[in-house]
Amino acid sequence: MEIGVEQRWNRRAFMMAAAGAAAAGAMPARGADGARRMPGGGSITDVAGLRVGHYTDTRRPTGCTVIIAEAGATGGVDVRGAAPGTRETDLLNPMNMVEQVHAVLLAGGSAFGLDAASGVMRYLEEKKIGFDVGVAHVPIVPAAILFDLGVGDASIRPDAAAGYQACKTASEQASEEGNVGAGAGATVGKLYGPKRAMKGGLGSASLRVAGVTVGAIVAVNAVGDVLDPSTGRILAGARTADGKMLLDTRAAILAGDLPKSMRPGAATTIGAVATDARLTKAQAQKIAAMAHDGLARTINPIHTMLDGDTIFALGTGASGKTANVTLLGVMAAEAMAIAVQRAILSARALEGYPAAVDFIV
């Protein structure tokens, strides 16, 4: 009991100290201690039955990422942000008919980027993959987008051709990370404006427990800061006005440093978790919801009115094991938290947007 009291006091003291440091502008701009090692490992492609491909348009940059389940996978989704951009999410409701999806698309380009899903459908249709309606096979491709139009030329965004090309690169090998695919134009720490933001990116990770694999992939484009949940240290986020230190958005707000209003929907973190266990649609939906805990551990603030945070969940059933939803949910949240950190630590700077690695000393 005494330990619990001490832990609560320490947490409160830390929060108060952080708020005071942020208000005074004294928090150092350091993403990690020394040469920080990349957390975790693995990739969502460690889940049998999945392939991942990316298309990166370096002109802006922007791009899209596709997770393909050619044999079909049970799908679920949970949308927490208040400004989502999605496609085909209603059919994932457990009350609705379609049981399996054949791919999930994550894309930049705001709502324009949803067009990339058409290219994924064309690729799968050519391979006769999809929901059999008698006269055709209709690929089921749920999708979500993030807002990256503020980086470079906003007229350049993922389209159907980009989605098709992402499918052509899809592989069972470990996913690329950082400035790639849906994470190519991602940025973080935007509550105080783009001039004080930093580079986001795409990350992936996997865990294996009791003979079951869970993987995660995420494009981190958050309004909030990204932190290491094991230490509480901020890896990337809003910077002070001179750009030399990390502000700590949460502590600054609590200290009364309120940001000016941002453009609605100008952020969003999107991703997917997957397992080789057998899932029902209801179980997949629950696991997607639990995976959001991984975002909450690593991004603050999260699920704001300016974000469209969306996580999909897929179950390939390739292991033949029956789902233990509690176990899978815990694994999904942890894999997602690791993937978020990997996205930020793999990212590299764009003009005007320094990366976490630029702040590591």
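Quantities reported herein were computed from a predicted structural model and do not represent experimental measurements.

Attention now moves to the overall build of the protein chain. When its secondary structure is counted, the protein chain shows six helices and 16 strands. The burial tally for the protein chain puts 57% of its 361 residues in the buried class. For the protein chain, long-range pairs separated by at least 24 residues make up 81% of all intrachain contacts whose partners lie at least 6 apart in sequence. Accessible surface for the protein chain amounts to roughly 14700 Å². Of this, 53% is attributable to carbon and sulfur atoms.

Turning our attention to the sheet that holds strand E15 (residues 299–300). Spatially, three strands are ordered E13-E12-E15 in an open sheet, and the strand pairing comes out antiparallel. Taken across any chain shown, the strands that pair with only one partner, and hence form the sheet edges, are strand E13 (234–236) and E15. In the packing of helix H6 (residues 325–346) onto the sheet, the strands contacted are strand E12 (225–227), E13 and E15, and the crossing angle to E13 comes to about 55 degrees.

Taken together, the side chains of Met97, Phe131, Val133, Val135 and Val138 make up a nonpolar region of the molecular surface, amounting to roughly 490 Å² of accessible area. You can see valine 138 is positioned in strand E6 (residues 137–138). For valine 138, a relative accessible area of 31% corresponds to the partly exposed category.

Moving on, we come to unusual backbone geometry. In this model, arginine 60 is joined to proline 61 through a cis peptide bond whose omega is 5 degrees. For proline 61, the location among the structural elements is in the loop between strand E1 (51–57) and strand E2 (62–79). Residue proline 301 follows asparagine 300 across a cis peptide bond; omega there is -5 degrees. Structurally, proline 301 is set in the loop between E15 and strand E16 (310–315). The phi dihedral of glutamate 88 falls on the positive side, at around 60 degrees, and the residue is not glycine. Examined against the element boundaries, glutamate 88 turns out to sit in the loop between strand E3 (86–87) and strand E4 (100–107). With phi around 60 degrees, histidine 303 is a residue other than glycine that occupies positive phi space. By the secondary structure assignment, histidine 303 is in the loop between E15 and E16.

Helices that pack against each other are described as a pair by the angle of their axes relative to one another and the distance between those axes. Packing of helix H5 (residues 281–298) against H6 brings their axes to within 7 Å, and their N-to-C directions diverge by 40 degrees. Classed by the angle they form, the pair H5 and H6 counts as oblique. Note that H5 runs across H6; the crossing there is right-handed. Across the interface between the two elements, Gln283, Lys286, Ile287, Met290, Ala291, Asp293, Gly294, Leu295, Arg297 and Thr298 from H5 touch Val325, Thr326, Leu328, Gly329, Val330, Ala332, Ala333, Glu334, Met336, Ala337, Val340 and Gln341 from H6.

Turning next to the pairing of E16. Burial within E16 is extensive, with six of its six residues counted as buried. Burial of the side chains of E16 extends over both faces: Thr310, Phe312 and Leu314 are buried on one face and Ile311, Ala313 and Gly315 on the other. Across six bridges, the pairing between E2 and E16 is antiparallel. From the neighbouring strand, glycine 75 faces E16, where its bridge partner is leucine 314. Bridge count between strand E14 (residues 270–275) and E16: six bridges; the pairing is parallel. If you follow valine 273 over to E16, its bridge partner there is alanine 313.

Moving on to the packing of aromatic side chains. Tallied over the entire structure, the rule returns one aromatic pair. Here tyrosine 123 and tyrosine 164 contribute two aromatic rings whose centre-to-centre distance is 5.8 Å and whose plane-to-plane angle is 75 degrees, an arrangement assigned as edge-to-face. Of this pair, tyrosine 123 sits in helix H2 (residues 116–126) while tyrosine 164 sits in helix H3 (residues 160–168); the two residues are 41 residues apart in sequence, bridging distant segments of the chain. By the burial criterion, tyrosine 123 is buried, and tyrosine 164 matches it. The residue whose ring lies beneath arginine 122 is tyrosine 164, and the NZ or CZ to ring-centre distance is 3.9 Å. Of note, arginine 157 hangs over the ring of phenylalanine 112, and the distance from its end group to the ring centre comes to 3.5 Å.

A few words now on empty space enclosed by the protein. Tallying each qualifying case throughout the model produces one cavity of 30 Å³ or more. Approximately 40 Å³ is the volume attributed to the largest cavity. As for the largest cavity, its lining consists of Asp225, Leu227, Gly232, Ile234, Asp248, Arg250 and Asn300. Class assignment for the residues of the lining of the largest cavity results in two nonpolar, two polar and three charged.

Attention now moves to the environment of aspartate 148. By the element assignment, aspartate 148 lies in the loop between strand E7 (143–145) and H3. Separated by 87 residues in sequence, aspartate 148 and proline 61 place their C-alpha atoms 8.8 Å apart. Ignoring anything within four residues of it in the chain, the contact list for aspartate 148 reads Arg60, Pro61, Thr62, Gly108, Gly109, Ser110 and Gly185. Within the structure, aspartate 148 has its side chain in polar contact with the backbone nitrogen of glycine 109 (distance 2.8 Å).

What follows concerns the pattern of salt bridges. Applying the stated criterion to the full structure yields eight salt bridges. Taking the shortest distance from any N to any O, the salt bridge between glutamate 70 and arginine 51 comes out at 2.4 Å. A residue pair is termed long-range when its members are at least 10 positions apart, and glutamate 70 in strand E2 and arginine 51 in strand E1 qualify at 19 residues. Overall, the relative accessible area of 17% leaves arginine 51 in the buried class. Among the ionic pairs, arginine 80 bridges to aspartate 78, the shortest N-O distance being 2.5 Å. Here arginine 80 falls in the partly exposed class, since its relative accessible area comes to 36%.

Parameters at a glance
- Residues numbered from 1 in each chain as written.
- Predicted model: local features only at pLDDT ≥ 70, side-chain atom pairs only at ≥ 80, totals over all residues.
- Heavy atoms only, no water.
- Helix = DSSP H or I, 4+ residues; strand = E, 2+ residues; numbered from the N terminus.
- Buried < 20%, exposed > 50% of the residue type's maximum accessible area, 1.4 Å probe, protein only.
- Contact = heavy atoms within 4.5 Å.
- Areas by Shrake-Rupley, 256 points an atom, 1.4 Å probe, with all protein chains shown as cover.
- Pairing = 2+ DSSP bridges.
- Axes fitted to C-alpha atoms, helices over the stretch in contact; angles between N-to-C directions.
- Patch = residues over 30% accessible without salt bridge, like charges linked within 9 Å, V, L, I, M, F, W, Y side chains within 5 Å.
- Salt bridge = Lys/Arg side-chain N within 4 Å of Asp/Glu carboxyl O.
- Parallel < 35°, antiparallel > 145°, perpendicular 65-115°, else oblique.
- Left-handed = near helix turned anticlockwise from the far one by under 90°.
- Phe/Tyr/Trp six-rings, centres within 6.5 Å; stacked < 30°, edge-to-face > 60°.
- Lys NZ or Arg CZ within 6 Å of the ring centre and 35° of its normal.
- 1 Å grid on protein atoms, 1.4 Å probe; cavity = no way out; pocket = protein on both sides within 12 Å on 5 of 7 lines; lining within 4 Å.
- Points joined across faces, edges and corners; volume = space filled by probe spheres on them.
- Nonpolar A, V, L, I, M, F, W, Y, C, P; charged D, E, K, R; others polar.
- Polar contact = N/O pair within 3.5 Å; in protein donor to acceptor, adjacent residues only side chain to side chain.

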